[in-house]
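# Secondary and tertiary structure notes
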Amino acid sequence: MEETQNMRALAASREQIIVKTSIVGIATNILLAAFKAAVGLLSNSIAIILDAVNNLSDVLSSVITIIGAKLAGKQPDKKHPLGHGRIEYLSSMFVSALVLYAGITALIESVKKMIHPEDSHYSLLTLIILVVAIIAKLVLGKYVKTKGKQVNSGALIASGSDASFDAILSASVLACALLRLWWDVSLEAYVGAVISVVIMKAGIGMLQETLHDILGQRPAPELVKQVKEIIQAQPLVHGVYDLLINNYGPNKNYASLHLELDDTLTVAQVDELTRKIENEVFHKTGIILTGVGVYAYNTSSEEIARIRNTVQEIVLSHDWALQMHGFYLDTAHKKLQFDTVLSFEVERKDALDTLTQEVQAAYPDYSVQITPDVDLAD
């Protein structure tokens, strides 16, 4: 109950920040687009007009970001028990497609201007508006990016970075205007083409990043390290393995893992320990542990410890065997079992056959059971 309430409070606060920041971006970009469009039409500059179009695409991006945040903030229901957080990734993909489309159309217009050039004229007012636009974009970019990092919003971070880069593009347009005034050199169409390519590149990059989020990415090493350090701080825990973190939207992570615990612990002790771990992990990382499995750690014999070390040497002698854990030896029934993490570069069946044969050769009196694990996290 407490975890659910905390998550709802955080989600509501996060949504408010995203909406407020996006509204600031919308207002700023509408003003900039209006001024640039007017100046571009008066001066007949394709570069300034395309810069204005880029501002309008930023407005649409902010609107979609708001809609995505609102839909993603909907409470879980029967059909979507883990919430609607991934909608934010879909809205980001739509924004990316719009940015890419804007870049393509801008490139087409720039090429037309190269083939059929038109004379452009700049005034002091034009230069002043461009300078103001550059300063406004730099300030907006820093503000939006800071807020995006604060609430872990990929859409806001991308918008902030885009705004900062827009300032550089506007500066290039200003340089074209100065060149035209001072040396009568016209480079507007070519700068427009460069701006178009940059916009297209940004759109492709945003699409790729969003696709990674939808497909599921490897969790950040620092997050994995933090979770493991929290758990391994418990005296009863020998190791943390098989950590799987599933993302259901920004700041909505659910995880499962295995703990290696003494085989002498009672169910009551394990229950108390796992509840404590679940509570600490949530409050320190925001991750909800949905499943905690247990590996039994042999405590009864030094001979078993020696066999464990030998088996581990056999397993880790192969580069494609990244880790061994969950080792347990049943001397009464002559069973030897453990899990091993295999690299993606090796064929699982071949690797298991090799390890089984080698361990079986070392301990022919035991039946060997090896469970292959996927290299899920660092």
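For the structure itself, look to the data block above.
Now for a quick tour of the structure. (Residues numbered from 1 in each chain as written. Predicted model: local features only at pLDDT ≥ 70, side-chain atom pairs only at ≥ 80, totals over all residues. Heavy atoms only, no water.)

### Observations regarding the layout of surface pockets
For clarity, the threshold we go by: With a 1 Å grid laid over protein atoms only, a set of points is called a cavity when a 1.4 Å probe fits there but cannot get out and a pocket when it is open yet has protein on both sides within 12 Å along at least five of seven lines; lining residues have an atom within 4 Å of a point. Grid points are joined across faces, edges and corners, and a volume is the space filled by probe spheres set on the points. For helices the rule is a DSSP run of H or I covering at least 4 residues; for strands it is a run of E covering at least 2, with both sets numbered from the N terminus onward. By the convention adopted, Pro, Cys, Tyr, Trp, Phe, Met, Ile, Leu, Val and Ala count as nonpolar, Lys, Arg, Asp and Glu as charged, and the other residues, Gly among them, as polar.
Considering only enclosed or pocket space, the second largest pocket measures out at about 190 Å³ in volume. Lining the second largest pocket are 15 residues, and of these Lys228, Asp242, Gln323, Val341 and Ala377 sit closest to its centre. Elements with a contribution of two residues or more to the lining of the second largest pocket: β1 (237-247), β4 (321-330) and β6 (367-374). It is β1 that provides the largest number of residues to the lining of the second largest pocket, a total of four residues. Class assignment for the residues of the lining of the second largest pocket results in eight nonpolar, two polar and five charged.

### A closer look at the packing of aromatic side chains
Note the cut-off: Side-chain rings of Phe, Tyr and Trp (the six-membered ring for Trp) are treated as a pair once their centres are within 6.5 Å; stacked means planes under 30 degrees apart, edge-to-face means over 60, and tilted covers the remaining angles. Only protein chains enter the calculation, and the probe is 1.4 Å; a residue is then buried if its accessible area is under 20% of its type maximum, exposed if over 50%, and partly exposed in between. We count a charge as sitting over a ring when the NZ of a lysine or the CZ of an arginine lies within 6 Å of the ring centre and within 35 degrees of the ring normal.
Overall, the coordinates contain two aromatic pairs when judged by the stated rule. Relative to tyrosine 295, the ring of tyrosine 241 has its centre 6.5 Å away and its plane inclined at 55°; by these criteria the two rings are tilted. One end of the pair, tyrosine 241, is in strand β1; the other, tyrosine 295, is in strand β3 (residues 288-297), and 54 residues separate them in sequence. The exposure class assigned to tyrosine 295 is buried, which follows from its relative accessible area of 10%. Considering the side-chain rings of tyrosine 248 and tyrosine 254, the 5.7 Å spacing of their centres and the 80° angle between planes classify their relative orientation as edge-to-face. The class of tyrosine 254 is buried, set by a relative accessible area of 13%. Lying across the ring of tyrosine 248, arginine 86 places its NZ or CZ 4.1 Å from the centre.

### Some points on helix α10 (residues 348-362)
For clarity, the threshold we go by: Here a helix's expected span is defined as the number of its residues, less one, multiplied by 1.5 Å. Here, the arc refers to the directions that run from the helix axis to the C-beta atoms. In what follows, a contact means two residues having at least one pair of non-hydrogen atoms within 4.5 Å.
For α10, which comprises 15 residues, the first-to-last C-alpha distance of 21 Å matches the rise-based estimate of 21 Å (1.5 Å per residue) to within 8%. All of the buried residues along α10 are Ala351, Leu352, Leu355 and Val359. For α10, the buried positions fall inside an angular range of 95° around the axis, keeping them on one side. Projecting away from the buried face of α10 at angles above 90 degrees are the exposed residues Lys349, Gln357 and Ala361. On its buried face, α10 is in contact with α9 (302-316), β5 (335-342) and β6.

### Here we look at the nonpolar core
We apply this condition: Throughout this description, the term nonpolar core refers to a set of buried Ala, Val, Leu, Ile, Met, Phe, Trp, Tyr and Cys residues connected via side-chain atoms within 4.5 Å.
Core analysis: the biggest nonpolar cluster contains 20 residues, and Ile231, Val237, Leu259 and Ile277 have the highest contact counts within it. If you list the elements that add at least two residues to this core, you get α7 (221-232), β1, β2 (253-262) and α8 (267-285). If you look at the next biggest cluster of nonpolar residues, it comprises 18 residues, including Ile304, Ile307, Leu355 and Val368.

Read these as layout, nothing more, since geometry by itself doesn't imply function.
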